[in-house]
Amino acid sequence: AAARPIKNGSQVQVHLGSARLPARLFLFDGETVERGTSAIAQLRFESPIFAFVGDCFVARDASEQNTIAGGIVLEADADRKSFRSLAQLEFFQQRSQSPDNLLVLLATEFARDHLKTHASVLTKSHFSAEEIAEGIQRLIESKIVVERGEIIADATRWQNIFQHAAEMIDAHHRSHPAERGLDLSELRREFSDQATEVIDALLQELCERGFARSGNRIGTATHRVALPAHLQTAAAKMRAALASKSFDPPSRKELAPDAISRQVLRFLLETGDVLELSDEVVISNESFACMKAAIEKFLRENGEASVSELRQMLASSRRVVVPLLERLDREGVTRRVGDKRVLARNGA
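The following refers to the structure shown. (Residues numbered from 1 in each chain as written. Predicted model: local features only at pLDDT ≥ 70, side-chain atom pairs only at ≥ 80, totals over all residues. Heavy atoms only, no water.)

## A look at the overall build of the chain
Condition: Numbered from the N terminus, helices here are DSSP runs of H or I no shorter than four residues, and strands are runs of E no shorter than two. Our radius of gyration is a C-alpha quantity, and the globule rule it is checked against amounts to 2.2 Å times the number of residues to the power 0.38. Burial here depends on accessible area, computed with a 1.4 Å probe over protein chains only, as a share of the maximum for the residue type. Under 20% is buried, over 50% is exposed, and the range in between is partly exposed. Residue contacts are counted whenever heavy atoms from the two residues lie within 4.5 Å of one another. In short, Shrake-Rupley with a 1.4 Å probe defines the accessible areas, and a residue's cover is counted only from the protein chains shown.
Broken down by element type, the chain carries 13 helices and 18 strands. Relative to its length of 348 residues, the chain is extended, with a C-alpha radius of gyration of 33 Å against a globular reference of 20 Å. Considering only C-alpha atoms, the chain reaches an extent of 100 × 50 × 35 Å along its principal axes. Looking at the chain residue by residue over its 348 residues, the buried ones come to 39%. Partitioning the contacts of the chain with sequence separation of at least 6, the portion at a separation of at least 24 is 55%. With the model as given, the accessible surface of the chain reaches about 19,400 Å², and the carbon-plus-sulfur share is 48%.

This is the structure in structure tokens:
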């Protein structure tokens, strides 16, 4: 009976350590395994088991009358969907030749999975954390993998990710020269299949290799924002409108009623020429600086002031002065005491 071929899908009893576990055996290729030959197979158990890469086991037939095979664990976590993929075949073939070689185990894991966190590398193996760390360092020195923060990555895969991100940023500069760079949400969406740690490591390397992050955007360090020629006239009109009533500017809706003017306003906000005090109030950077200086001077001379007093002093409106003071509060310039404002440093 033991000389009969092992059939694909056979029911077997697996003896692993002191455990005896029922399982079904599925071959990677072919329908049978002849006596005296070897094959790659997957064991699917009725419930999760505890096993490490490198563990040896014995398989007996379902009746446990005959021992039909011996085996070694090449991967502790089975995946039905990817079991018969070409990547898995190469992974298993390389490991089966050197199942106890740490460097082979590490290299095959990175070649297949591409990116891993330190904590997830060979967690189900008999190697210690120190041995694994030493093995990773040897792969880094051989330029097989690279280390980026908490991420260890296949060197070729990491370079491809970096190059793809760089090309996305360059393409965004060409199509949107008025913006500082690519929105980070677009970058995260493009690499949505990657862990947060991978995106963080990618952003760090981009900033170390010729790119710069500004708020929620990232662009090349040499990029200088510039409005397209067909928007420059609209920008001049918007600057003039803000300057004509510098302390009581038009509302946002009045200032940017259409798509073109909204695009211009977005550009001015991103370059810092215009500041946003609230959803409805924007003001030029120059006007903000003048109003801030005037408020500081008034409070130094008078000690405190209400919103109404500051509004009258600035010849502005409550619509503008209230969000202006709230911003100065956040910046630590002023502090609210009851219905009055004082200089924050005087209060300190």
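## As for the nonpolar core
The cut-off we apply is this: Residues grouped as a nonpolar core are buried Ala, Val, Leu, Ile, Met, Phe, Trp, Tyr and Cys residues, joined through side-chain atoms within 4.5 Å.
In this structure, Trp158, Leu187, Leu202 and Leu206 are the most contacted members of the largest nonpolar core, which totals 24 residues. Elements with a contribution of two residues or more to this core: strand E10 (151-154), helix H4 (155-175), helix H5 (184-190) and helix H6 (196-208). For this core, the leading source of residues is H4, giving eight residues. The residues touching Trp158, leaving out its near neighbours within four places in the chain, are Leu115, Val146, Arg148, Ala153, Val198, Ala201, Leu202 and Glu205. Counting 19 residues, the second largest nonpolar core, distinct from the first, contains Ile283, Met291, Ile295 and Val333.

## Some remarks on the sheet that holds strand E5 (residues 41-45)
For clarity, the threshold we go by: The criterion for strand pairing is that DSSP finds at least two bridges linking the strands in question. Only the contacting stretch of a helix is used when fitting its axis, a line to C-alpha atoms as for every element, and angles between N-to-C directions run 0 to 180 degrees.
Taken together, five strands build an open sheet; the order of strands is E5-E3-E2-E6-E7 and the sheet is antiparallel. With one partner strand each, in any of the chains shown, E5 and strand E7 (67-72) form the two edges of the open sheet. Within this sheet the neighbouring strands show an average axis-to-axis angle of 40 degrees, counted without direction. Of the strand pairs in this sheet, strand E2 (residues 10-16) and strand E6 (residues 56-61) are connected by four bridges, and their pairing is antiparallel. Bridge pairing links Val12 to Asp61 in E6.

## Some words on the packing of helix H1 (residues 86-97) against helix H2 (residues 102-113)
Note the threshold: Throughout, the term roughly parallel applies to angles under 35 degrees, roughly antiparallel to angles over 145, roughly perpendicular to angles from 65 to 115, and oblique to all others. The nonpolar class holds Ala, Val, Leu, Ile, Met, Phe, Trp, Tyr, Cys and Pro. Asp, Glu, Lys and Arg form the charged class, and all remaining residues, Gly among them, are polar.
Relative orientation of the contacting elements H1 and H2 amounts to 175 degrees, with a least axis distance of 10 Å. For the element pair H1 / H2, the angle class is roughly antiparallel. Taken together, the residues of H2 that come into contact with H1 (itself represented by Gln88, Phe91, Gln94 and Arg95) are Val104, Leu105, Thr108, Glu109 and Arg112. Looking at the contact of H1 with H2 residue by residue, the class counts come to three nonpolar, three polar and three charged.

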